[in-house]
Amino acid sequence: MTETHTANSITIVDPNEFEASFSERDRFALEVLVGLSESRKRLPSRFMYDDEGSRLFTRITEMDVYYPTECEIETLRRNVDRIVSTVGSEPFNLVEFGPGNGRKARILIEPLLEAGLEFDYVPIDIAREYIDEIVTAFRESYPTLSIKALVSDYFAGLKWLTGQSNRKNIGLFLGSNIGNFSHAEARIFLRNMWSSLNPDDTVIIGFDLKKDIEMLLLAYNDPGGITAEFNLNLLRRINREIGGHFDCAKFRHFGTYDVFSGGMESYLVSKEDQTVAIDGIGRSFSFKAWEPIHTEYSYKYLISDIEQLARDTGFVVKEHLFDSNDWFVDSIWTVHKDGNADGDASAC
Ligand code: AVJ
């Protein structure tokens with residue numbers, strides 16, 4: 001783990017540097033080995049965000065058909081006063097899980113600085129590309145802002161939070177990043193978050209809502225093929241990092257929607273019978289013609305699902321903030337902990 005300090009109080013903690021860049025690659029190799037060995041082949045979506053994947057995702061967010069980004073920006077802008085007023089006057093951490101290029105954080109950071117509030121901005125992302133971009137840009141835009149940037153996955157970020165002082169925390173989990181989790185994983189993540197937070201801490205979580213199926217299909221199968229490139233980049237990453245021999249022309253992107261679960265699902269489908277060697281893991285994998293590899297879930301929610309999820313994980317819903325079309329919601333929750341409930345839990 002390395003720490004870099006600079007004059008205007010920016011800290012970058014990158015557990016991946018040195019020994020761990022090796023272990024992140026090992027973890028990738030292991031997940032590829034396990035995922036491609038299963039009868040229903042799969043690759044975890046968290047590996048989509050290497051430098052190339054992060055650039056492609058930014059291009060996705062700039063497309064008209066990918067509505068969630070604009071919806072959420074509109075929501076944050078029109079409700080910024082409401083959000084700032086939930087913060088209070090005590091010093092706090094503004095912790096953002098998966099900040100992307102930081103476009104949304106700016107909407108909140110500017111008024112928070114203007115209000116003269118004392119806070120650290122803590123962006124947590126596995127993509128070094130994004131963290132570097134944010135630190136460079138924010139240092140220039142907001143010379144007085146204190147940034148503690150973490151290059152790590154969300155769970156390591158939560159661990160960092162737990163080790164923090166008892167400062168109030170405002171957690172941001174925007175962009176429907178939560179949609180990548182299965183419903184069970186979302187509960188585990190949120191309950192972990194709950195454990196790491198103090199009573200009355202606030203989280204703002206962005207959920208994409210169930211909506212017209214044509215809109216969903218278009219957002220994840222854009223005509224320009226950027227989403228396809230983003231998905232295929234997983235195979236290119238295997239080629240780059242662990243000596244894979246994938247020919248991307250022999251796979252196609254496929255995005256489909258499960259109306260019942262609300263799961264937008266992405267696949268890479270082999271267009272022909274083929275065997276692909278991956279030197280770094282010393283194995284070859286065979287694909288039948290039209291055999292899929294599952295690569296991503298992006299779950300869509302109903303408001304009632306969101307309220308249930310908050311209750312199940314120990315939060316109280318304060319407010320739902322919507323865009324003008326009601327396509328997306330930023331849901332504001334506070335941490336509810338009462339002594340008795342904790343006592344009961346430890347007794348069983
Ligand atoms: C960054 C996870 C929110 O699921 O909508 C966009 C990623 N995948 N297009 C999403 C993504 C395909 C995105 N998240």
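The structure we're discussing is the one just above.
Please read all numbers here as calculations on a predicted model, not as lab measurements.

Trainee: Talk me through the nonpolar core; I want residue IDs and the actual numbers.
Mentor: Counting 40 residues, the largest nonpolar core has Val32, Leu235, Ile238, Phe246 and Ile278 as the members making the most contacts within it. Residue assignment for this core shows that the elements contributing at least two residues are helix H1 (19-37), helix H2 (51-61), helix H9 (213-219), helix H10 (226-242), strand E8 (251-258), strand E9 (263-270), strand E10 (274-278) and strand E11 (283-287). With seven residues, the top contributor of residues to this core is H10. The contacts of Val32, once residues within four sequence positions are left out, are Leu43, Ile238, Ile242, Ile278 and Ile281. Val84, Ile109, Phe138 and Ile147 belong to the second-largest nonpolar core, a separate cluster that totals 32 residues.

Trainee: How would you summarise the pairing of strand E5 (residues 146-151) if you had to cite specific residues and measurements?
Mentor: With five of six residues buried, E5 is to be regarded as a mostly interior element. Across four bridges, strand E4 (residues 119-125) lies against E5 in parallel orientation. Bridging from a neighbouring strand, Asp125 pairs with Val151 of E5. Taken together, E4, helix H6 (residues 128-141) and E5 form a β-α-β motif whose crossover is right-handed.

Trainee: Can you tell me about the site of the ligand, naming the residues and giving the values?
Mentor: Near the ligand you find 13 residues, and of these Tyr66, Gly175, Tyr220, Glu296 and Ser298 are the closest. Within the contact set of the ligand, an oxygen atom lies 2.5 Å away from a side-chain nitrogen or oxygen of Tyr220. At 2.9 Å, a side-chain N or O of Glu296 approaches a nitrogen atom of the ligand. Contact with the protein chains covers 98% of the free accessible surface of the ligand, which is 350 Å². When residues of the shell around the ligand are traced back to their parent elements, those giving at least two are H2, H10 and strand E12 (292-299).

Criteria and cut-off values
Residues numbered from 1 in each chain as written. Predicted model: local features only at pLDDT ≥ 70, side-chain atom pairs only at ≥ 80, totals over all residues. Heavy atoms only, no water. Core = buried A, V, L, I, M, F, W, Y, C linked by side-chain atoms within 4.5 Å. Buried < 20%, exposed > 50% of the residue type's maximum accessible area, 1.4 Å probe, protein only. Helix = DSSP H or I, 4+ residues; strand = E, 2+ residues; numbered from the N terminus. Contact = heavy atoms within 4.5 Å. Pairing = 2+ DSSP bridges. Right-handed = clockwise from strand over helix to strand, strands pointing away. Near = heavy atom within 4 Å. Polar contact = N/O pair within 3.5 Å; in protein donor to acceptor, adjacent residues only side chain to side chain. Areas by Shrake-Rupley, 256 points an atom, 1.4 Å probe, with all protein chains shown as cover.

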